[in-house]
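# Notes for the structure review
One-letter residues, chain by chain:
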Amino acid sequence: MIKRLFLAVLIAIPAMAFAQKFGIVNTNTIMSEMADVKEAQTQLEAASKKYDDEFKALQGEMEKKYGELQKAQEEKSPQTILDRRMSELQELDQKIQQFRQTAAQDLQRQQEQLLAPIQQKVINAINSVGAEGNYTMIFENTSPVYVGTDVIDVTGAVKTKLLMK
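The structure reproduced in this document is the subject of the present report. What you see is a predicted model, and the numbers here were worked out from it, not measured in a lab. (Residues numbered from 1 in each chain as written. Predicted model: local features only at pLDDT ≥ 70, side-chain atom pairs only at ≥ 80, totals over all residues. Heavy atoms only, no water.)

## What to know about the environment of S77
- For S77, the location among the structural elements is in the loop between α3 (35–74) and α4 (79–132).
- Accessibility expressed as a relative area gives 17% for S77, which makes it buried.
- Contact partners of S77, with chain neighbours within four places excluded, come to A72 and L82. (Helix = DSSP H or I, 4+ residues; strand = E, 2+ residues; numbered from the N terminus. Buried < 20%, exposed > 50% of the residue type's maximum accessible area, 1.4 Å probe, protein only. Contact = heavy atoms within 4.5 Å.)

Dropping the structure here:
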């Protein structure tokens, strides 16, 4: 009997030594509640509005030039004038397409620049919670298929670390 008990203890001790602690975190929830993210979104919306205003101005210019072309066609203007107006329309169309592409790239770059330090702050808080709680791993909880009872949701702890609560 003592041998069996001793054997059970010998088997249980290594199993306890290898016990792992897992956590989950929902960074989307954390990010959506951060004041820094809301401020970055406000800055991005302001930049986007400026681009929209400029785009509308370019569209207005395009409509004006198209109207001039139609008028020239109705007045039976010489072909060279019609060709010049068509050329102006094509150049303006290319300019608008280039503007749209550049604006989209610039907004993407601004978003990355504004959010990178915020994302790093969240990562640092997750790492800190993981180290303090002796977690083996902390996983993103965006769409878990199954979460066992021994997995701990550390979203609240990360929010506390970020001074959100």
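## Observations regarding the sheet that holds strand β2 (residues 137–140)
- In spatial order, the strands read β2-β1-β3; together these three strands make up an open sheet with parallel pairing. Whereas interior strands pair on both sides, the edge strands pair on one side only; in this sheet they are β2 and β3 (151–153). Direction aside, the axes of adjacent strands within the sheet are offset by 30° on average.
- Pairing of strand β1 (residues 22–25) with β2 involves four bridges; the strand directions are parallel. Within β2, the residue paired with I24 across the bridge is F139. (Pairing = 2+ DSSP bridges. Axes fitted to C-alpha atoms, helices over the stretch in contact; angles between N-to-C directions.)

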